[in-house]
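Fold and geometry: a report
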Amino acid sequence: MRSIASRMSVMTGEGALSVYARAKELESQGRSIIHLELGEPDFHAGASVVESAVKALTEGKDRYCAVIGVPALREEIAAYLQRTRNINVSSGNVVIAPGCKAALFFAMMALLEPGDEVLYPDPGFPGYASIALGLGAAPVPFELSSRNHFQPDLSEVAAKITRHTRMLLTNSPGNPTGTVYTDAVQRGLAELAVKHDLWVLSDEIYARIIYGGEYASMLSYPGMPERTLIIDGFSKSFAMTGWRLGYTVAPPEVVPALAMMAVNTYTCVAEFTQYAAIDALRDRDGTTPRMVGEFARRREQFVRDLNRVPGFRCQPPEGAFYAWVDISGTGTSAEEVCRVLLEDAGVAAIPGAAFGPSGKDFVRFSFASSVANLQEATARIMKVSAAWQGTLAER
Ligand SMILES: Cc1ncc(COP(=O)(O)O)c(C=O)c1O
C-alpha cells in the first residue's frame, strides 16, 4: 500500500492561512472583508530596492550562484547587524535562505536529533512546534501569560529543562503577543542556555519593528555567540514577504551543515533578489522607519478602539504589528468570536489557539492595514458585539 510518510501527519498548518482561505471564499461571493488575519505589512519594498532588482536582472544576475548567498549580501548583513544590533558577526557566519521559515526549518534539521526536546514560547509562531514534531523532536512549550506581561517566566523555563533538552527557541519581538523580552529575561535565558549547554535559536524577524528602546539580540549576551543562531530576513522589517528572503547567522561549525541543506534543497537563493536585498539593508528610501512610524500610530488608535469593545482587553504590544486581545470577558470562545467577526462583520482575525494552547482565550488582529480599514473594522466589531453582550448581561 502506497502511503504518505508518518512525519507529515504530526506537522500542522497555520491558522492564519485557513482563516484567509475562508475570507477569500466570502469575498468571492461579493462580501466586503477587512483582512486582519495575515502577518503581512501593507507596504512594499522601497523604489530603490525594486530598481536594484531590475538592474541585476538586466545585468544577467539570474544564474545559479553561491550556495550560502552572494558574498556582497552576506557582508552587508554583517555590517547591518553591527549597525542596528551592535553585534559582531562576520560574513562567514551568514547563510542566505529562501525566507525565514526555510531558515528555521534548516537550522532545526541541522541541530536536532529525534527525541530531542525543544523549548519554545506558547503562544508562538506555529512553525516552531510543527517543525520540531516533523523532525521527530519533542516541542516543550513555556508559557507567555498576561500575568507576566507575556514575558517568559525564567523559573518555568528552568523547570522544564531535562537531560533531553537540546534547544531553546526565542522570539523577541514575538508573534503573536508583540512582547519584547526584557534585558533580565534575555540574560536569564542566556544563563540557562550556558548552564545546560543548549543551542539557542533566536527568531529576530521583527527586530526592527519596536515601539521604543534599543533592540538587544540574544547573541549579545555572555556565552551566546558560540551557541546562538539568529533567524532574520526581509519579510517584515523591509515589507518584502513575497521575495522569500531570509538568513541565518550561525556559529562557524554550523555553517557547513546549513550549506549542505541548501545544496540538497534550494541550491541557492535567486541572485537578483540578493542584490536588491543589499539596497533594502541600506534603506536609502527610509522605508523601514516610515513603516514603523505608521505602525506606531495605528497601534495607539487600534488598541484604544479595541479596548472599547465589550469583553475585549488588549495591552499595547511593544513590537511587531499584532493586537493580542484577551476575549475571556466576552463569555464566548475565541473560535466563536472569530466566526462571528468573519461571517457577520466581515473582519478576518485568528483565534489564539492557532498559536498554541495558551492562546485559547485570545484573538490576534494584525494592524498592518490602513487607518481607515482599522476604524471600519472596530466599528463593525462594535456592531456585532451584541452577539456576546447577551452572554455578558446574563453573568
Ligand atoms: C515569528 C515568525 N518567524 C518566522 C516567520 C516566517 O517568515 P518568512 O515569511 O520570512 O518565511 C514569521 C512569519 O509570519 C513569523 O511571524
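Preceding this section is the structure that the text describes.
What counts and how
Residues numbered from 1 in each chain as written. Predicted model: local features only at pLDDT ≥ 70, side-chain atom pairs only at ≥ 80, totals over all residues. Heavy atoms only, no water. Helix = DSSP H or I, 4+ residues; strand = E, 2+ residues; numbered from the N terminus. Rg over C-alpha atoms; globule rule 2.2 N^0.38 Å. Buried < 20%, exposed > 50% of the residue type's maximum accessible area, 1.4 Å probe, protein only. Phe/Tyr/Trp six-rings, centres within 6.5 Å; stacked < 30°, edge-to-face > 60°. Salt bridge = Lys/Arg side-chain N within 4 Å of Asp/Glu carboxyl O. Near = heavy atom within 4 Å. Polar contact = N/O pair within 3.5 Å; in protein donor to acceptor, adjacent residues only side chain to side chain. Areas by Shrake-Rupley, 256 points an atom, 1.4 Å probe, with all protein chains shown as cover. Nonpolar A, V, L, I, M, F, W, Y, C, P; charged D, E, K, R; others polar. Axes fitted to C-alpha atoms, helices over the stretch in contact; angles between N-to-C directions. Parallel < 35°, antiparallel > 145°, perpendicular 65-115°, else oblique. Left-handed = near helix turned anticlockwise from the far one by under 90°. Contact = heavy atoms within 4.5 Å. Pairing = 2+ DSSP bridges. Disulfide = S-S within 2.5 Å. Core = buried A, V, L, I, M, F, W, Y, C linked by side-chain atoms within 4.5 Å. Domains from an automatic or database assignment.

1. Examining the overall build of the chain
Regarding its fold elements, the chain presents 14 helices and 13 strands. Relative to a compact globule of 395 residues, whose C-alpha radius of gyration would be 21 Å, the chain shows 21 Å and is just as compact. Across its three principal axes, the chain shows a C-alpha extent of roughly 60 × 55 × 55 Å. The buried share of the chain, taken over its 395 residues, is 56%.

2. A few points about the packing of aromatic side chains
A complete count under the given rule lists 17 aromatic pairs for this structure. An angle of 85 degrees between the planes, with centres 6.0 Å apart, marks the rings of phenylalanine 105 and phenylalanine 106 as edge-to-face. What makes phenylalanine 106 buried here is its relative accessible area of 11%. On the numbers, 5.7 Å between centres and 80 degrees between planes, the contact of tyrosine 206 with phenylalanine 321 is edge-to-face. With tyrosine 206 in the loop between β6 (199–203) and β7 (228–233) and phenylalanine 321 in the loop between β9 (313–314) and β10 (322–326), this residue pair connects regions lying 115 residues apart in the sequence. The exposure class of tyrosine 206 is buried, given its relative accessible area of 2%. Through a chain of ring-to-ring contacts, the aromatic side chains of Phe43, Tyr206, Phe295, Phe321 and Tyr322 assemble into a single cluster.

3. Describing the pattern of salt bridges
For the structure on display, the rule yields 25 salt bridges. The shortest N-O distance in the salt bridge between lysine 61 and glutamate 59 comes to 2.7 Å. A relative accessible area of 45% places glutamate 59 in the partly exposed class. Between glutamate 336 and arginine 339 there is a salt bridge, and its shortest N-O distance comes to 3.0 Å. Of this pair, glutamate 336 and arginine 339 both sit in helix α12 (residues 334–345), three residues apart, roughly one helical turn. Given the relative accessible area of 30%, glutamate 336 is considered partly exposed. In this structure arginine 339 comes out as partly exposed when scored by relative accessible area, which is 40%. Overlapping salt bridges bring together Asp42, Glu294, Arg297 and Arg298 as one network.

4. Brief notes about the site of the ligand
Taken together, 13 residues lie near the ligand, and Asp203, Tyr206, Ser235, Lys236 and Arg244 sit nearest. At a separation of 2.7 Å, an oxygen atom of the ligand approaches a polar side-chain atom of tyrosine 206. Contacts to the ligand include arginine 244, whose side-chain N or O atom sits 2.7 Å from an oxygen atom. Across the complex, the protein chains shield 92% of the 400 Å² of accessible surface that the ligand would expose by itself. Classifying every residue of the shell around the ligand by side-chain character gives five nonpolar, four polar and four charged.

5. Let's talk about the packing of helix α5 (residues 100–111) against helix α6 (residues 127–134)
Between α5 and α6, the least distance of the axes is 10 Å, while the angle of their chain directions is 40 degrees. Considering their axes alone, α5 and α6 lie oblique with respect to each other. In the crossing of α5 with α6, the sense of the turn from one axis to the other is right-handed. For the pair α5 and α6, the contacting residues are Lys101, Leu104, Phe105 and Met108 in the first and Tyr128, Ile131 and Ala132 in the second. In the contact of α5 with α6, the residues fall into six nonpolar, no polar and one charged.

6. A few points about the pairing of strand β8 (residues 246–249)
Along β8, one buried face is formed by Gly246 and Thr248 and the opposite face, lined by Tyr247 and Val249, is buried too. Two strands pair when backbone bridges link them, and strand β2 (residues 94–97) and β8 are joined in this way by four bridges, in the antiparallel orientation. Across the sheet, residue valine 95 finds its bridge partner in β8, namely threonine 248. In terms of strand pairing, β7 meets β8 through four bridges, oriented antiparallel. Bridging from a neighbouring strand, isoleucine 230 pairs with valine 249 of β8.

7. Structural notes on the side chain of threonine 165
Here threonine 165 is to be found in strand β5 (residues 165–171). Threonine 165 sits in the buried class, given a relative accessible area of 10%. Reaching out from threonine 165, the side chain makes a polar contact with the backbone nitrogen of threonine 162 at a distance of 2.8 Å. Among all residues touching threonine 165, those that are not within four sequence positions of it are Glu117, Leu119, Lys160 and Leu198.

8. Examining the state of the cysteines
Two cysteines form a disulfide when their sulfur atoms are joined by a covalent bond. Scanning all chains against the criterion turns up zero disulfides. Here cysteine 65 is not disulfide-linked; the sulfur of cysteine 268 is the nearest cysteine sulfur, at 4.0 Å. Under the relative-accessibility criterion, cysteine 65 is labelled buried at 15%. Taking the relative accessible area as the measure of exposure, cysteine 268 reaches 12% and is therefore buried.

9. Some words on the nonpolar core
In terms of nonpolar packing, the biggest core is built from 103 residues, with Met108, Phe234, Phe312 and Phe365 touching the most fellow members. Considering each element in turn, this core owes the most residues, eight residues, to α5. Looking at which domains feed residues into this core, each of domain 1 (7–44 + 287–387) and domain 2 (47–282) gives three or more. If near-sequence neighbours (up to four positions away) are discounted, phenylalanine 312 is found in contact with Leu306, Asn307, Val325, Asp326, Ile327, Thr330, Val337, Phe365, Ile381 and Trp388. Membership of the second largest hydrophobic core comes to 24 residues, among which are Leu119, Leu144, Val157 and Ala193.

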